[in-house]
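# Structural description and commentary
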Amino acid sequence: MRTNTVAVHASADVAAPAERVWEVLVDWPRHAEWVPFTRAEGGAGDGASLEAWTGIGPVGFLDTMVISEWRPPHRVRVLHTGTLVRGEGRFDLLDLPEGRCRVTWAELIHLPFGPVGRVGWFAVGPLARLMLRTSLRRLATMFE
């Protein structure tokens, strides 16, 4: 692993099967409903492009991505290709008993700005973890 690479992940159990959750998960414009301060758009399938804007008003950043693995309804993996956000991200859905599933969101992020980025992660890292956990809780609530 590169020195300036960090990993962050979160999971949540959802009261719906993976197939139903997948439909919401990869409906990129619907991310605004469950991922705080984020709106997204893009395609479906291997090689499709995605864009997500995270921020408030004009203050934020654009996250450009390419889908590198598309396995409905269990996995979508992306390569982050932007200037600020680079690395890999993925959603994994695991069917559980009684029509439920577990959704895991994992990110492997290559920090920008060399040693400064590594120091900055001490501030940004906890916020990133909180955002993933909050997002997945909000997603789960959509199926209650």
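Up top is the structure.
These lines cover the structure that appears in this document, whether it is placed above or below. (Residues numbered from 1 in each chain as written. Predicted model: local features only at pLDDT ≥ 70, side-chain atom pairs only at ≥ 80, totals over all residues. Heavy atoms only, no water.)

## Quick look at the overall build of the protein
- From N to C terminus, the protein includes 3 helices and 7 strands.
- Starting at the N terminus, the α and β elements of the protein follow one another as β-α-α-β-β-β-β-β-β-α.
- For 144 residues, the compact-globule estimate of 2.2 N^0.38 gives 15 Å, and the C-alpha radius of gyration of the protein, at 15 Å, lies within 12% of that figure.
- Looking at the protein as a whole, 42% of its 144 residues qualify as buried.
- When the accessible area of the protein is evaluated, it comes to approximately 7900 Å², of which 60% is carbon and sulfur surface. (Helix = DSSP H or I, 4+ residues; strand = E, 2+ residues; numbered from the N terminus. Rg over C-alpha atoms; globule rule 2.2 N^0.38 Å. Buried < 20%, exposed > 50% of the residue type's maximum accessible area, 1.4 Å probe, protein only. Areas by Shrake-Rupley, 256 points an atom, 1.4 Å probe, with all protein chains shown as cover.)

## What to know about the packing of aromatic side chains
- For the structure on display, the rule yields 4 aromatic pairs.
- On the numbers, 6.3 Å between centres and 70° between planes, the contact of Trp34 with Trp105 is edge-to-face. Of this pair, Trp34 sits in helix 2 (residues 31-34) while Trp105 sits in strand 7 (residues 100-110), and the two are 71 residues apart along the sequence. Comparing Trp34 with Trp105, the two get one shared label, buried.
- Relative to Trp105, the ring of Phe91 has its centre 4.9 Å away and its plane inclined at 45°; by these criteria the two rings are tilted. Note that Phe91 is positioned in strand 6 (residues 86-96) and Trp105 in strand 7, a separation of 14 residues in sequence.
- Phe91 sits in the buried class, given a relative accessible area of 8%.
- Among the aromatic residues, ring-to-ring pairing joins Trp34, Phe91 and Trp105 into one connected group. (Phe/Tyr/Trp six-rings, centres within 6.5 Å; stacked < 30°, edge-to-face > 60°.)

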